[in-house]
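Secondary and tertiary structure notes
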Amino acid sequence: MAKPVPRIGSRRNGRIGLRKSARRIPKGVIHVQASFNNTIVTVTDVRGRVISWSSAGTCGFKGTRRGTPFAAQTAAGNAIRTVVDQGMQRAEVMIKGPGLGRDAALRAIRRSGIILSFIRDVTPMPHNGCRPPKKRRV
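Residues numbered from 1 in each chain as written. Predicted model: local features only at pLDDT ≥ 70, side-chain atom pairs only at ≥ 80, totals over all residues. Heavy atoms only, no water.

**A closer look at the sheet that holds strand β1 (residues 27-34)**
Strand order in the open sheet made by the five strands is β3-β2-β1-β4-β5, with mixed pairing throughout. Edge positions in the open sheet fall to β3 (50-55) and β5 (115-121), since each of these has one partner strand only. Averaged over all adjacent pairs, the angle separating strand axes in this sheet is 15°, with direction ignored. Where strand β4 (residues 90-96) meets β5, six bridges bridge the pair, whose relative direction is parallel. For M94, the partnering residue across the bridge sits in β5 and is R120. (Pairing = 2+ DSSP bridges. Helix = DSSP H or I, 4+ residues; strand = E, 2+ residues; numbered from the N terminus. Axes fitted to C-alpha atoms, helices over the stretch in contact; angles between N-to-C directions.)

**Topic: unusual backbone geometry**
Phi at N128 takes a positive value of approximately 55°, unusual for a residue other than glycine. Tracing the backbone shows N128 in the segment after β5.

**Some remarks on the packing of aromatic side chains**
Counted according to the given criterion, the structure contains one aromatic pair. Centroid distance F61 to F70: 5.9 Å. Interplanar angle 85°. Geometry classified as edge-to-face. Accessibility expressed as a relative area gives 53% for F70, which makes it exposed. (Phe/Tyr/Trp six-rings, centres within 6.5 Å; stacked < 30°, edge-to-face > 60°. Buried < 20%, exposed > 50% of the residue type's maximum accessible area, 1.4 Å probe, protein only.)

**So, helix α2 (residues 69-85)**
The first and last C-alpha atoms of α2 sit 25 Å apart over 17 residues, in line with the 24 Å expected at 1.5 Å per residue. Every buried residue of α2 is accounted for by A71, A72, A75, A76, A79, I80 and V83. The arc that holds every buried residue of α2, seen down its axis, measures 155°, which confines them to one face. Summarising the geometry of α2, the exposed residues directed more than 90 degrees from the buried face are F70, R81 and D85. Of the surrounding secondary structure, the elements contacted by the buried residues of α2 are β1, β2 (39-45), β3 and α3 (101-111). One or two residues past the end of α2 sits G87, with phi positive at roughly 100°. (Expected span 1.5 Å × (residues − 1). Arc of directions from axis to C-beta. Contact = heavy atoms within 4.5 Å.)

**A closer look at the side chain of S55**
The topology assignment puts S55 in strand β3. Sequence-distant contacts of S55, defined by excluding residues within four places in its chain, comprise N38, T39, I40 and A75.

**As for the environment of F61**
The residue F61 is located in the loop between β3 and α2 in this model. Taking the C-alpha atoms as reference points, F61 and T74, 13 residues apart in sequence, are found 9.7 Å from one another. Each residue touching F61, except ones within four places of it in the same chain, is listed here: A56, R66, F70, A71 and T74.

**Points about the nonpolar core**
Within the largest apolar cluster, 22 residues are counted, with the highest numbers of intra-cluster contacts made by I30, V32, V41, M88 and I109. Contributions of two or more residues to this core are made by β1, β2, α2, β4 and α3. No other element matches the six residues that α2 contributes to this core. If we ignore the near neighbours within four places in the chain, the residues touching I109 are I30, V32, A76, I80, V93, I114 and L116. (Core = buried A, V, L, I, M, F, W, Y, C linked by side-chain atoms within 4.5 Å.)

**Quick word on the pairing of β2**
Judged by how many residues are buried, β2 sits mostly within the fold: six of seven residues are covered. Judged from the seven bridges that link them, β1 and β2 form a sheet pairing that is antiparallel. Note that in β2 the partner of A34 across the bridge is T39. Where β2 lies against β3, five bridges are found, and the strand directions are antiparallel. Opposite V43, over in β3, you have S52 as the bridge partner. Connecting β2 to the next strand, β3, in antiparallel fashion are four residues, including G48 with a positive phi near 100°.

Have a look at this one:
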């Protein structure tokens, strides 16, 4: 009977944890998506592969408290703490969305000690695209 071939990504041979901690990233991109209900902070390398992410919901905030600036600040701090340990020194920041957490997340990123090369607002703006829904009558 043939021996089973060990899968490269299997948890049994323990290569997953080793590969994640061994990567050192000097430069990256921090994406902040701030909606009215939540703030999601994703840290990627220059090629766009996700290194770390956090959101106000994963930090323990539930309901309407997820949309607050303090929740966004906590989420940004959580996402950045892991990449600072991996050696990230420089970053670009892309901010998307109209939420309250935009400024608070940016403040937390600046306080972390990472040098920011630029900050860009990438909120999608329609050039008179889709017709908006009809007005609410209350």
